[in-house]
Amino acid sequence: EMLEWRARGSLHAKHVQHPPLYYVLLWPFASLPFPAVAMLLYVSQWLWYALAIAVMVRSASAASRPSAGDYLLATLLMVNFQPFLETAALHKVEGLELLVICLAIELFRRGRDALAGAAVVFGANLKYLPGILALYFLVKRERRAIVGMLAAAVVCLAVSVVALSDAGW
């Protein structure tokens, strides 16, 4: 898609597969050579996965200080996770997506409901899967999380409209 953007000078794509914020975040890289962008995305995924594992262990551990075994077990589970294996072969955004999901769960567990809702909307604006957590907040009537989701949705929409209108969308 990035090659199409560069050739056309705009973000109009035949097959838009991601929410708008995904394209806003990638637009600054559209002028770089594709191999450099692919390598940047590929290498950054390992950082996102490591951070996601750390957040996941902290939020799921019953102990105040998780053990090295907790981190090892989470890592072993992660390497059998299909999106992780896909990332090992390609340059996808699944690592960032998982990190945002783990952060939303951790924020919600710590009573930071509005921030958890905002994290869900931010994640859902990168890829749609984190939006499933929005359904949980709606069904459970978590008002503060819903307010956070609405506020984040307004911010994401405003940023996307401004950025993408300048990008020729």
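The present account deals with the structure reproduced in this document. The structure displayed is predicted, hence computed values, not measured ones.

Procedures and definitions
Residues numbered from 1 in each chain as written. Predicted model: local features only at pLDDT ≥ 70, side-chain atom pairs only at ≥ 80, totals over all residues. Heavy atoms only, no water. Helix = DSSP H or I, 4+ residues; strand = E, 2+ residues; numbered from the N terminus. Buried < 20%, exposed > 50% of the residue type's maximum accessible area, 1.4 Å probe, protein only. Contact = heavy atoms within 4.5 Å. Areas by Shrake-Rupley, 256 points an atom, 1.4 Å probe, with all protein chains shown as cover. Salt bridge = Lys/Arg side-chain N within 4 Å of Asp/Glu carboxyl O. Axes fitted to C-alpha atoms, helices over the stretch in contact; angles between N-to-C directions. Parallel < 35°, antiparallel > 145°, perpendicular 65-115°, else oblique. Left-handed = near helix turned anticlockwise from the far one by under 90°. Nonpolar A, V, L, I, M, F, W, Y, C, P; charged D, E, K, R; others polar. Core = buried A, V, L, I, M, F, W, Y, C linked by side-chain atoms within 4.5 Å. Expected span 1.5 Å × (residues − 1). Phe/Tyr/Trp six-rings, centres within 6.5 Å; stacked < 30°, edge-to-face > 60°.

A short note on the overall build of the chain
Counting its regular elements, the chain contains 9 helices and 0 strands. If you list the helices and strands of the chain from N to C, you get α-α-α-α-α-α-α-α-α. In the chain, buried positions account for 38% of the 169 residues. A sequence separation of at least 24 residues applies to 64% of the contacts in the chain between residues at least 6 apart. Of the roughly 9,900 Å² of accessible surface on the chain, a fraction of 69% belongs to carbon and sulfur atoms.

Looking at the pattern of salt bridges
As a working rule, side chains carrying opposite charge can pair if their charged atoms are close by. Evaluation of the coordinates by the stated rule reveals 4 salt bridges. A salt bridge links Arg110 to Glu106; its shortest N-O distance comes to 2.3 Å. A salt bridge links Arg144 to Asp113, with the shortest nitrogen-to-oxygen separation between them at 2.9 Å. Here Arg144 is found in helix α9 (residues 143–166), whereas its partner Asp113 is found in helix α7 (residues 113–124), with 31 residues between them in sequence.

Quick notes on the packing of helix α3 (residues 34–60) against helix α6 (residues 94–109)
Remark: α3 packs on α6, axes separated minimally by 8 Å, with the N-to-C direction vectors making an angle of 20°. By the angle class used here, α3 and α6 are roughly parallel. For the crossing formed where α3 meets α6, the hand is left-handed. The segment α3 lies against α6, with Gln45, Trp48, Tyr49, Leu51, Ala52, Val55, Met56, Arg58 and Ser59 engaging Glu94, Gly95, Leu96, Leu98, Leu99, Cys102, Leu103, Ile105, Glu106 and Arg109. Grouping the constituent residues of the contact of α3 with α6 by class yields 12 nonpolar, 3 polar and 4 charged.

Describing the nonpolar core
If you look at the biggest cluster of nonpolar residues, it comprises 14 residues, and the most contacted ones within it are Val120, Val121, Phe137 and Met149. Contributions of two or more residues to this core are made by α2 (20–26), α6, α7, α8 (131–139) and α9. Formed by 10 residues, the second largest nonpolar core is a distinct cluster that contains Ala52, Val55, Met78 and Leu98.

Looking at the packing of α7 against α8
Direction vectors running N to C along α7 and α8 enclose 145°, while the axes themselves pass 8 Å from each other. Here α7 runs over α8; the crossing is left-handed. Facing α7, whose interface residues are Ala116, Gly117, Val120 and Ala124, α8 presents Gly131, Leu133, Ala134 and Phe137. Grouping the amino acids of the contact of α7 with α8 by side-chain chemistry returns 6 nonpolar, 2 polar and no charged.

Focus on α3
In this model α3 runs 38 Å from its N-terminal to its C-terminal C-alpha over 27 residues, within 8% of the 39 Å that 1.5 Å per residue would give. For α3, every residue scored as buried is listed here: Val37, Ala38, Leu41, Ser44, Gln45, Tyr49, Ala52, Ile53, Val55, Val57 and Ser59.

Focus on the packing of aromatic side chains
In this structure the tally under the stated criterion is 2 aromatic pairs. Ring geometry for Tyr42 versus Trp46: centroids 5.8 Å apart, planes at 85°, classification edge-to-face. On the criterion of helical spacing, the pair formed by Tyr42 and Trp46 is a turn pair, its members being 4 residues apart in helix α3. Here Tyr42 falls in the partly exposed class, since its relative accessible area comes to 26%. For the pair Phe108 and Phe137, a centre-to-centre distance of 5.0 Å together with 50° between the ring planes defines the contact as tilted.

Points about α7
Its 12 residues place the ends of α7 16 Å apart at the C-alpha level, agreeing with the 16 Å of an ideal helix rising 1.5 Å per residue. Along α7, the residues that are buried comprise Asp113, Ala116, Gly117, Ala119, Val120, Val121, Gly123 and Ala124.

In short, geometric facts, not functional conclusions.
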